[in-house]
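# Fold and geometry: a report
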Amino acid sequence: MTSFFRDEKGGSERLSYCPKSHSQSGKSWGATPGLLAPPLLRPLLSPRPRPLRNLLLLLWTLLNCGLGVNAQGPGEWTPWGSWSRCSSSCGRGLSVRRRQCVRFPREELCWGDTHEYRLCQLPECPPGAVPFRDLQCALYNGHPVLGTQKTYQWVPFYGAPNQCDLNCLAEGHDFYHSFGRVLDGTPCRPGTQGLCVAGRCLSAGCDGLLGSDAREDRCGRCGGANDSCLFVQRVFRDAGAFAGYWNVTLIPEGARHIRAAHRSRNHLALMGGDGRYVFNGNWAVSPPGTYEAAGTRVVYTRVTGSEETLRAAGPTSEDLLLQVLLQEPNPGVEFEFWLPRERYGPFQEEAQAQGWSLRQPQPREVDPQSPESPAAPTVIPPRTPGPTPDPCPPCPDTRGRAHRLLHYCGSDFVFRARVLGRVRQAQETRYEVRVQLIYKNRSPLRALEYVWAPSRCPCPPLALHRDYLLAAQRLISPDGTQDWLLLPHAGYARPWSPAEDSRVRLAARHCPL
């Protein structure tokens, strides 16, 4: 707390800094609220003589800040010092910085650590360089140990319990000796990422600090919360009318945590941005293994039971095209990846323009029409006035998190679909939709489905050629001959958007088991 005192001319002067004054514990002297000077000192707080006033104020500050018996809470840290030089001259090492705890009598110790360590990565050590632990063991070569005058040659021993002790094996003998702790920055074990610090094996978080639990989120941000990217998860279900390569999905540049899998005699194929196959191209099946593509490693596996998987950590440096080489009817290819938010819109536009998941373009048979024969004139029948239908009443408000959660958890199906057609019948409306993405299903869905709304004025209404997120229930007639997907009145039917996609995925986590 910074204390100010005002002189007779109304000016103010900054006198002292008190980290924890009595005012913080609700104590004050005098009738003036917040005035910390005791009444006996108030007449002496005059602008003259200045040396005496400053001396008294200094004494008062020490009484308040340093000698008071009511000081509470921990002390305060000094700012961090600068980072030290790396502990290693090549390869991996650590640097350290320090700070001190400043506290007054009867204050608690500061909360936190006095030292902070971070990983430093230098150029790789040259071939033949002696490892750091070997150097530490070699320091005891030719020196008597174990209370005798006998000397030994020492090499590291990694079979002891504490890997951050300097455990050295006597060459030519069957015993080892522990010479205390290894120096800070020594690798815990060859081939591992941990480094020894104060006798403990610590790994670095994504922030480079040893012992930190900071981890990259699915978007690649250190300590992030997966809020800078979106999760794409779909199933390619096109049955396939012919054998050959079918497009499954475009994997855009910047995709992370890519996965694709299926169970069949078909084969996944991956094509790079230059049009060349990474594996399983040109009707040739490649062996399982790790392949380099788009700046990342793609792990392709094929195990007994006709199961294939593709995994890549990413991020990809260019677009990739995932295909499936069909040899039998397609049971479904599952794929997923995380995509930065700024790339999601272009990906959706490309997917809609190309019709992903889209099979390879094939010629379609159409009824031939002779260009010489003129088209018959169209006869427009005279319009006869008919009864004007009653306007549909306004729909109730169905916005909000509670409404979304209620219908997501209580529905049999939640999916994204494009409305292709609409037919109004006596007391119901039938929508023809193309299923594009399934979030929840109690039974398989086809690519083309009918969704029924129990009214000529369904709420909410669905517009043609637009994408929606729909929550539907399955309704089976008593005799088992009819099976409907029912969209309840005032149910969940919202235009699709990346934001709504994220909300519905969040709702899935809160449904009761």
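Remember, predicted model here, so these are calculated numbers, not experimental data.

The next thing to look at is the overall build of the chain. Across its full length, the chain carries five helices and 27 strands. Of all 513 residues assigned to the chain, the portion counted as buried reaches 36%. Put simply, 61% of the contacts in the chain that link residues at least 6 apart link residues at least 24 apart. When the accessible area of the chain is evaluated, it comes to approximately 31,100 Å², of which 54% is carbon and sulfur surface.

What follows deals with the pattern of salt bridges. Considering all chains together, one arrives at 15 salt bridges under this definition. Note that D412 and R442 form a salt bridge whose closest N and O atoms lie 3.4 Å from each other. Taken together, the residues D412 in the loop between α4 (401-410) and β22 (413-424) and R442 in the loop between β23 (429-441) and β24 (448-453) connect sequence positions 30 residues apart. Of the charged contacts in the structure, one is a salt bridge between R446 and E449, with a shortest N-O distance of 3.2 Å.

This part is about the sheet that holds strand β9 (residues 176-181). Spatially, β7-β8-β9 is the arrangement adopted by the three strands of the open sheet, whose pairing is antiparallel. Looking at strand neighbours, the two that pair on one side only are β7 (154-156) and β9, the edges of this open sheet. Taking the axes of each pair of neighbouring strands and ignoring which way they run, one obtains an average angle of 40° across the sheet. Bridging between β7 and strand β8 (residues 165-170) involves three bridges; their strand directions are antiparallel. Among the inter-strand pairings, W154 is bridged to a residue of β8, identified as A170.

Quick look at the nonpolar core now. I251, L270, L310, L322, F337 and Y439 are the most contacted members of the largest nonpolar core, which totals 41 residues. When near neighbours in sequence (up to four residues on either side) are disregarded, Y439 contacts Y408, V414, F415, R416, L469, W496, D501, V504 and R505. Within the second largest apolar cluster, 17 residues are counted, among which are V435, L445, L487 and A493.

Judged by how many residues are buried, strand β21 (residues 333-340) sits mostly within the fold: seven of eight residues are covered. One ladder, built from four bridges, connects strand β14 (residues 256-263) with β21; its direction is antiparallel. Bridge pairing in β21 links A260 to F335.

Moving on: the sheet that holds strand β16 (residues 277-279). Strands sit in the order β13-β20-β15-β16 across an open sheet of four strands; the sheet is antiparallel. The open sheet has two edge strands, β13 (244-251) and β16, and neither has a second partner. With direction set aside, neighbouring strand axes in the sheet form an average angle of 35°. The pairing of β13 with strand β20 (residues 320-326) spans seven bridges and is antiparallel. The partner of N247 across the bridge, within β20, is Q323.

Each value, and the rule that gives it
Residues numbered from 1 in each chain as written. Predicted model: local features only at pLDDT ≥ 70, side-chain atom pairs only at ≥ 80, totals over all residues. Heavy atoms only, no water. Helix = DSSP H or I, 4+ residues; strand = E, 2+ residues; numbered from the N terminus. Buried < 20%, exposed > 50% of the residue type's maximum accessible area, 1.4 Å probe, protein only. Contact = heavy atoms within 4.5 Å. Areas by Shrake-Rupley, 256 points an atom, 1.4 Å probe, with all protein chains shown as cover. Salt bridge = Lys/Arg side-chain N within 4 Å of Asp/Glu carboxyl O. Pairing = 2+ DSSP bridges. Axes fitted to C-alpha atoms, helices over the stretch in contact; angles between N-to-C directions. Core = buried A, V, L, I, M, F, W, Y, C linked by side-chain atoms within 4.5 Å.

From the geometry alone we can't say anything about function, so treat these as descriptive.
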